[in-house]
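Understanding the architecture of this molecule
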Amino acid sequence: MSTDTPTIVLVGHGMVGQRFLEALAERGLTATHRVVVLCEEPRPAYDRVQLTSYFSGRTPEELSMTDMEFIKDHGIELHIGDPAEHIDREARTVTARSGLTVTYDTLVLATGSYPFVPPVPGKDAEGCFVYRTIEDLLAIEEYAKAKATTGAVVGGGLLGLEAAGALKGLGLTTHIVEFAPRLMPVQVDEGGGAALLRTIEDMGLSVHTGTGTQEIVTGDDGAVTGMKLSDGSELATDLVVFSAGVRPRDALARDCGLNVGERGGISVDEQCRTSDPHVFAIGECALASDGRVYGLVAPGYEMAETTAATIAADEEAAFTGADLSTKLKLLGVDVASFGDAHGATEDCLDVVYADSRSGTYKKLVIGRDGALLGGILVGDADAYGTLRALTGSVPPIAPEQLVLPAGSGGPAQLGPSALPDEAIICSCHNVTKGTIRGAVTDHQCTTVPEVKKCTKAGTGCGSCVKVLGQLVNDELEANGVEVDHGLCGCFSQTRQELYEIVLALRINTYQQLLDRYGREGARGGDGCEICKPAVGSIIASLAPTIGADGYVLDGEQASLQDTNDHFLANLQKNGSYSIVPRIPGGEITPEKLIVIGEVARDFGLYTKITGGQRIDMFGARVEQLPLIWARLVDAGFESGHAYGKSLRTVKSCVGQTWCRYGVQDSVRMAIDLELRYRGLRSPHKLKSAVSGCARECAEAQSKDFGVIATSNGWNLYVAGNGGATPRHADLLAQDLSDAELIRLIDRFLMFYIRTADRLERTSTWLERIDGGLDHVRDVVVHDSLGICEELESLMAAHVANYRDEWAETISDPEKLSRFVSFVNAPDTPDPVVGFVPERDQIKPDLPLLTIGTRPLEGSATR
Amino acid sequence: MTLAPETTALKIQLQLEDDWFTVCDLTALLPGRGVAALLPDGRQAALFLDRSGRLYAIDNRDPFSGAAVLSRGLTGTHQGRPFVASPLLKQRFDLESGRCLDDETVTVASYEVRTN
Ligand code: SRM
Ligand SMILES: Cc1cc2nc3c(=O)[nH]c(=O)nc-3n(C[C@H](O)[C@H](O)[C@H](O)COP(=O)(O)OP(=O)(O)OC[C@H]3O[C@@H](n4cnc5c(N)ncnc54)[C@H](O)[C@@H]3O)c2cc1C
Ligand code: SF4
Ligand code: FES
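Residues numbered from 1 in each chain as written. Chains lettered and ligands numbered in written order. Predicted model: local features only at pLDDT ≥ 70, side-chain atom pairs only at ≥ 80, totals over all residues. Heavy atoms only, no water.

An unreviewed UniProt entry lists chain B under the name Nitrite reductase small subunit NirD, with Streptomyces sporangiiformans given as the organism.

The name that an unreviewed UniProt entry assigns to chain A is assimilatory sulfite reductase (ferredoxin), with the source organism given as Streptomyces sporangiiformans. For chain A, the Function (unreviewed entry) comment in UniProt is given as "Catalyzes the reduction of sulfite to sulfide, a step in the biosynthesis of sulfur-containing amino acids and cofactors." The heading Subunit (unreviewed entry) in the UniProt record of chain A holds the text "Homodimer which associates with NirD." (UniProt positions renumbered as here; feature names shortened; annotations may be inferred.)

The helix and strand tally for chain A stands at 28 helices and 38 strands. Relative to all contacts within chain A whose residues are 6 or more apart in sequence, the contacts with residues 24 or more apart total 62%. Only carbon and sulfur atoms are counted for the fraction: they give 49% of the accessible area of chain A, which is about 36400 Å². (Helix = DSSP H or I, 4+ residues; strand = E, 2+ residues; numbered from the N terminus. Contact = heavy atoms within 4.5 Å. Areas by Shrake-Rupley, 256 points an atom, 1.4 Å probe, with all protein chains shown as cover.)

Turning our eyes to something else, we now look at the site of ligand 3. Close to ligand 3 lie A:Cys653, A:Val654, A:Gly655, A:Cys659, A:Tyr661, A:Gly662, A:Gly692, A:Cys693, A:Arg695, A:Glu696 and A:Cys697, which account for all nearby residues. Here the shell around ligand 3 is composed, by residue class, of six nonpolar, three polar and two charged. (Near = heavy atom within 4 Å. Nonpolar A, V, L, I, M, F, W, Y, C, P; charged D, E, K, R; others polar.)

What follows covers the interface of chain B and chain A. Contact residues are listed per partner, giving 35 residues for chain B and 44 residues for chain A. When the area that chain B buries against chain A is broken down by residue, the three leading residues are B:Arg51, B:Arg72 and B:Leu74, summing to 25%. Counting across the chain B and chain A interface gives two salt bridges. (Buried area = accessible area lost by both parts, 1.4 Å probe. Salt bridge = Lys/Arg side-chain N within 4 Å of Asp/Glu carboxyl O.)

So, on to the confidence of the model for chain A. All names here are of chain A. Overall, the predicted model of chain A reaches an average pLDDT of 89, with 95% of residues at or above 70. The least confident element of chain A, judged by mean pLDDT, is strand 21 (residues 326-327) at 68; the most confident is strand 33 (residues 686-691) at 98. Taken together, the stretch residues 850-862 has pLDDT below 50 and engages in 30 contacts with residues farther than four places along the chain or on a different chain. (pLDDT = per-residue confidence, 0-100.)

Bringing helix 12 (residues 433-441) of chain A into the picture now. Residues of helix 12 of chain A that are buried include every one of A:Lys433, A:Ile436, A:Gly438, A:Ala439 and A:Val440, and no others. In this structure, the buried residues of helix 12 of chain A make contact with strand 26 (424-426), strand 27 (431-432), helix 13 (448-455) and helix 14 (465-478) of chain A. (Buried < 20%, exposed > 50% of the residue type's maximum accessible area, 1.4 Å probe, protein only.)

On to unusual backbone geometry, then. All names here are of chain A. A positive phi is found at Asn-430, a non-glycine position, where the angle reads about 55 degrees. Tracing the chain through its elements places Asn-430 in the loop between strand 26 and strand 27. The residue Arg-839 is not glycine, and still its phi comes out positive at about 40 degrees. Among the structural elements, Arg-839 can be located in the loop between strand 37 (835-838) and strand 38 (841-844). We classify Arg-839 as exposed; its relative accessible area is 66%.

Residue and element names in this part refer to chain A. The feature "binding site: [4Fe-4S] cluster" (unreviewed entry), as annotated in UniProt, sits at Cys-653, Cys-659, Cys-693 and Cys-697 in this numbering. Look at the named residues: they lie 45 residues apart in sequence, but the longest C-alpha span between them is just 10.9 Å, so in the fold they bunch up. The class of Cys-693 is buried, set by a relative accessible area of 10%. With near-sequence residues (within four places) excluded, Cys-693 lies in contact with Tyr-661, Gly-662, Val-663, Ile-708 and Ala-709. In this fold, Cys-697 is placed in the loop between strand 33 and strand 34 (705-710). Ignoring sequence-local partners within four residues, the contact set of Cys-697 consists of Cys-653 and Ser-691.

So, on to the nonpolar core. All names here are of chain A. With 87 residues, the main nonpolar core has Phe-20, Leu-21, Val-94, Leu-107, Leu-109 and Ile-282 as its most contacted residues. Of the residues forming this core, the biggest block, seven residues, is contributed by helix 1 (residues 15-26). In contact with Phe-20, other than residues within four places in its own chain, are Ile-8, Leu-10, Val-108, Ile-282, Ala-304, Thr-307, Ala-308 and Ile-311. Counting residues in each nonpolar core, the second largest holds 67 residues, with Val-535, Ala-548, Val-650 and Leu-794 among its members. (Core = buried A, V, L, I, M, F, W, Y, C linked by side-chain atoms within 4.5 Å.)

Another aspect to go through is the pairing of strand 3 (residues 34-38) of chain B. All names here are of chain B. With five of its five residues buried, strand 3 lies for the most part within the structure. Covered by surrounding structure in strand 3 are Gly-34, Ala-36 and Leu-38 together with Val-35 and Ala-37, the residues of both alternating faces. In this structure, the hairpin formed by strand 3 and strand 4 (residues 44-49) is closed by a connection of five residues, where Gly-42 is found at a positive phi of approximately 95 degrees. (Pairing = 2+ DSSP bridges.)

Quick look at the packing of helix 22 (residues 666-677) of chain A against helix 23 (residues 738-755) of chain A now. A pair of packed helices is captured by two measures, namely the crossing angle of their axes and the spacing between those axes. All names here are of chain A. Following both chains from N to C, one finds helix 22 and helix 23 inclined at 35 degrees, their axes separated by 12 Å at the closest point. For the pair helix 22 and helix 23, the crossing hand works out as right-handed. Note on element contacts: helix 23 touches helix 22 through Asp-738, Leu-741, Ile-742, Ile-745, Asp-746 and Leu-749, opposite Arg-668, Met-669, Leu-673, Arg-676 and Tyr-677. Residues of the contact of helix 22 with helix 23, tallied by class, amount to seven nonpolar, no polar and four charged. (Axes fitted to C-alpha atoms, helices over the stretch in contact; angles between N-to-C directions. Left-handed = near helix turned anticlockwise from the far one by under 90°.)

All names here are of chain A. When we look at burial in helix 25 (residues 772-780), the residues that qualify are Gly-772, Leu-773, Val-776, Val-779 and Val-780. Take helix 25 and look down its axis: the buried residues cluster within an arc of 125 degrees, on one side only. As for helix 25, its buried residues are in contact with strand 35 (713-718), strand 36 (730-736), helix 23, helix 24 (762-768) and helix 26 (788-801). (Arc of directions from axis to C-beta.)

This brings us to the pattern of salt bridges. Between side chains of opposite charge, a pair can form as their charged atoms come close. Residue and element names in this part refer to chain A. Counted according to the given criterion, the structure contains 54 salt bridges over all chains. One salt bridge in this structure joins Arg-754 and Glu-500, with 2.9 Å as the shortest N-O distance. Placement of Arg-754 in helix 23 and of Glu-500 in helix 15 (residues 495-505) is noted, with a sequence separation of 254 residues between them. Counted as one network, the salt bridges with shared partners bring together Asp-812, Glu-814, Lys-815 and Arg-818.

This next bit is on the environment of B:Gly76. When you line up the elements, B:Gly76 lands in strand 6 (residues 74-78). Sequence separation between B:Gly76 and B:Leu95 is 19 residues; the distance between their C-alpha atoms is 9.7 Å.

Attention now goes to the sheet that holds strand 2 (residues 19-25) of chain B. Two orientations exist for strands paired in a sheet by backbone hydrogen bonds: parallel and antiparallel. Residue and element names in this part refer to chain B. The three strands are arranged 2-1-10 in an open sheet whose pairing can be described as antiparallel. In this open sheet, the two edge strands, each paired with only one partner strand, are strand 2 and strand 10 (113-115). Neighbour to neighbour, the strand axes of the sheet diverge by 30 degrees on average, direction disregarded. Pairing between strand 1 (residues 11-16) and strand 10: three bridges, direction antiparallel. Directly across from Leu-14, in strand 10, lies its bridge partner Val-113.

With the rule as written, the count across this model stands at zero disulfides over all chains. Take A:Cys531: it sits in no disulfide, and the sulfur closest to it among the cysteines is that of A:Cys488, at 3.7 Å. (Disulfide = S-S within 2.5 Å.)

All names here are of chain A. Scanning the model with the defined rule gives 15 aromatic pairs over all chains in all. Here the aromatic rings of Tyr-54 and Phe-55 are separated by 5.3 Å at their centres, their planes lie at 75 degrees, and the arrangement is edge-to-face. With relative accessibility at 17%, the residue Phe-55 sits in the buried group. With centroids separated by 5.3 Å and ring planes inclined at 10 degrees, the aromatic side chains of Trp-629 and Trp-806 adopt a geometry described as stacked. In this pair, Trp-629 is assigned in helix 21 (residues 625-634) and Trp-806 in helix 27 (residues 805-810), connecting sequence segments 177 residues apart. Among the aromatic residues, those joined into a cluster by ring pairs are Phe-567, Tyr-577, Trp-629, Trp-806 and Phe-819. A cation over an aromatic ring shows up here: Lys-592 above the ring of Phe-637, its NZ or CZ 4.8 Å from the ring centre. (Phe/Tyr/Trp six-rings, centres within 6.5 Å; stacked < 30°, edge-to-face > 60°. Lys NZ or Arg CZ within 6 Å of the ring centre and 35° of its normal.)

Below, the structure written as C-alpha cells:
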C-alpha cells in the first residue's frame, strides 16, 4: 500500500459504522482510500434493532449485518475485538488495545452508546445485567436457565419492555420497575400508558410504576436475591436487567479534547464534523447540530450517508434532524408513536379514541390547518405505517375516522393508496412511496422480498412491512398485473375455492385436483409442501361425502400428510416422537392411568401432563410407535390427534356432580363433544372446553368453541384463542338445550372448515371474514345463506364414519412396514436418536445434534 | 401403487464411491414420500420416488437441526425441480443437487440412484 493513499479510520463497527462502510463503497471511496476499522465487540456489525429476536430463534449468525465478502472485496481492514484506546489528534494517529497504531487522514467515530446503570448499591452483583449486545443476551440466557426463576427489569421504556418480554419468554416470572408514573414515558401520554399497562399486565408481567430502585439485595454467595424499592417494599428476584436509558460513548473524544455536549455526545455540525475538521462522529455517540442525541438507527444511517458524501466532496449533504417515530417490537403488544406525539406544537388539537376494555388507545395530534402532526397508538397499531407516512400533510379523510376501530361504522380504513409519492414509508432506510412504486414499475419487482432487496425498505425494524405489502399489491393491480391470492405455486385458487371445487365435483384425489385445476406449470407435477397437506385436509374433512376413504394413510392420501400425520405422532427435535392418547374431557379411570404408567415405564418414555388435560409420552423411536399403540389400543385408548390439524381436547371442569357451584354436568357434555368431533380434520387445530358455571374453571372463553353452563342450559362462545395472539371468545348464543348446542356447534365448525384459509384458527378467521361475528351468527343461527342443512349433514356423515386411525393402522401389516427407521435395516434403531437422564426421566441428547435455530413453539407448523 | 408386474423385482441401488449399494425393492417406496437407508459406513441416505417414477437420494441428516429426518419430509416441485421440505423447520432441499433452496450457503450430499 503506497503511503500517499489517504486513510480513513472508523472506530466502532456497529449498525451505523457498517452503513458508513457501505456508503463509502457505493461512492467508490474504498478504491481510492485505505479503510481501517476498529471493532470492539468479538463479532462484526449485527442487527442490534432485532436483538430481541434472538429469543425467538434468530441466531447470532442470522443477526449479522456484515457480509465478509463485501469487506474482502473492498479491501477493508477489519480488526475484530480490538477497540481504539487513544487518539493523538496532533499526530493524527489512533492506537488500539493490541498496540496497533494507524495514521489517519479522516477519522470517523461511531462508538454508539452504553447502557446507563443507576448508581444503586449492589448494582455490580452477580445476576445483574444490561441489554445491549449479543454477549449480554447470551449471559442473561445462561444465567436465567441455570439460576433464576424470577427476573426484574429496571426501566419501563421501549428497551425495558423488550427486555421484560425476553425474560418472560425465558420462563421467568417478570417484574418491571419504572420510576416514571407510566410505562414508555417518552413515547406515550397518560391515556396511552394506561392502555399499555393493561396489555402488559394481561401478558402476565408485574408492573411497578412510580417506583424507584434503591438497592440490589444479595445473598451470602454475592448473587442477587432481590431489590429494595422506593415505596419501602422489597421485591424478591434472582436476576436484574438494567434498562434505564443509554448514554453516548464519548470518552475517546473527551480524552483527546474534542468538544462534547454538557449532557454527553460528541458535538458535530450539519456535516457530522466534530470540532476537529479531520474527525467525524456519527450514530448514537454524536450530538447533532440540532442539539439532540438520536437513539434510533434511522438518523444514524442518515449521518453515515452525510459523512460519506462529505468525504467524497461531490455532493451537498447535511444532517439537520430526524423523526423519532417508534414502534414496539415486543410480541403481542402494539405500541407506536410518531411525529409530535405529545402535542408540543402550538395551538394543536387532539383526536382521542380510548377503549380500556380492549386496551386500545389512539391519539392523533392535528395542527390548526388540519395537518396530521403525530400520534400515539396503543393496542392496535395497524395504521402506524400509513399514519406515519401521512404526517405533515392534511389527511384525505376526517381524523376521527382514522382512529375508530374497523367495522364501527366509519368508512373503510385509509389505505396506503392515499399517500403522496413523497411520503416516507420506511423510515429506517428513508424510502419513499415513490421509490417503492418505482421498484414495482421500473425494476419489475413483483413480491415484497424482491422490493425489500431492491430498495432496502422493510429491512430495518420491520414495522413498515405491512404497508409495503399493501403498496406492492396496489401497484401491481394498478399495472394490470393480477395479484395472486392463490394457495401456493401450484394452485391459483384460495383454500375456500378448492374446498368448493372438491365438494361440488366430488373430487377425491389430490392428483385429479392438481391435474385439472392446478396452475398451468404445476399440472402433472408433484405439488408442494403447502398444498399437499391443505388438500389432504379438505379431502379428509369431506371424506364420506365425496367418497374418499376416511383413513388418512389410505392410498394417495398417505403421501399428502404432513410428517406428523403420516406417522400419527408428533415429531420431536431429535427425530423421536411423542404419543398422546385421547382422554375425553380429562376424565380417566385409575386402570387406564396405570396402563399409561406401565407403557411409559416399559418403553422408557418421558412423561408429562399437558396443558390440555391429558398425558404426553415423549421419546419413542418410529419403530416403537406400533408396539406402544398396540398396548394402548388394547387397553381401550384411541388416538388423541395431537399431531393433526383436527380436534385436540375438550377440557372440562368437574362440574355440577361434585362442585358446589356447578349448575350443569360439564364433564358429560365435554365427553359428548369430544367424542362427536374427534378426528375431524380442519384448516387448523380445534380446541374446546366446557365449564359447569360462570366461574369458568375450564377456560372455555379461550377456545375455538367454548361452552359455559347456565341455570337454563348452555352458553356457546366461539373463536377464542390462547397461544401467541390470545383472543377472548365471543358469545354466539345463550341458554341452549343440549340438542340446540350441538346443532349450532356442528354448523359453526363446518362453516369454518368451509371458508377458512389454510392454518387459520377460528379467531383469525372470524376477524378476517366480512361482517365478522354478526355474519357468522346470521349464517349459523339464522341460516341466512340457507346452507345449514348441508352443514349439518356433512357433520353427521363425519360422525357416522369416524374410525380410530391407530386401531386401523396396527391391524394393517402393509402400513406397519412404514414404521421403521431404515428401509434396509428394519430392526436397527436410528443412532442419531439418543437420550440423557434428567430429573429421573430422559431428555434428547442434544450434543448429538447441531441445533442451529430455535423456533417458537410450533412456528414450524405455521 | 400401480407398477407393472415385471418391475416389482427391481432393486434400488445407490452409488457409493465406485460401488453400487443395493438398498431395497422399488416397491418399498411410495410416490411422493421418502424412506431412510442405513449405509455401510453408518451414514444415512433419504430416498424418494416421484410421481413419474424418478428416484432421488440425498443425505438423511437435516443440517439445520442435526436430526436424521429428511426422508420424512413432504416432497414437491419448485420451478420444475424436485425438492423435499424438512419436517422440522421446513427448509427445502433440491433432490438432485442437495442444495438448500432457502439458504444458499447450505448443501447436503446427494447420491446417484438407479434400479437394477
Ligand atoms: C404438549 C403440549 C404442551 C404441554 O406440555 O402441556 C403442547 C405441545 C405442542 N404444541 Fe401447544 N401444546 C399443548 C397445549 C397448548 C395450549 C394450552 C391448551 O390447549 O389448553 C395452547 C394455547 C391454547 C390455544 O391453542 O389457543 C397451545 C398453543 C400452541 C400453538 C399456538 C396456537 C395459536 O393459535 O397461537 C401451537 C402452534 C401451532 O399450532 O401452529 C402449538 C403447537 C404445539 C406443538 C404441536 C408444536 C409442534 O409442532 O411440535 C407441540 C408438540 C406436542 C408434542 O410433541 O406432543 N401449541 N398449546 C400441550 C398439549 C395439550 C394436549 O393435550 O393436546
Ligand atoms: C434491544 C434494542 C432494541 C432496539 N430497537 C430499536 C428500534 O426498534 N428502532 C431503532 O431505530 N433503534 C433501536 N435500537 C437502537 C439502535 O440499535 C441504535 O440506535 C443503533 O445500534 C446505533 O448504531 P451505532 O452504530 O451508533 O451504535 P452501536 O450499534 O451501538 O455500535 C457501536 C459499536 O462501537 C463499538 N465501540 C465503542 N467504543 C469503541 C472503541 N473505542 N473502539 C472500537 N469500537 C468501539 C461498540 O462496541 C459497538 O459495537 C435498539 C437498541 C437495542 C439495544
Ligand atoms: S366452573 Fe363452576 S362448576 Fe366448574 S369447577 Fe369451577 S366453580 Fe365448579
Ligand atoms: S420503518 Fe423500520 S424497516 Fe421500514
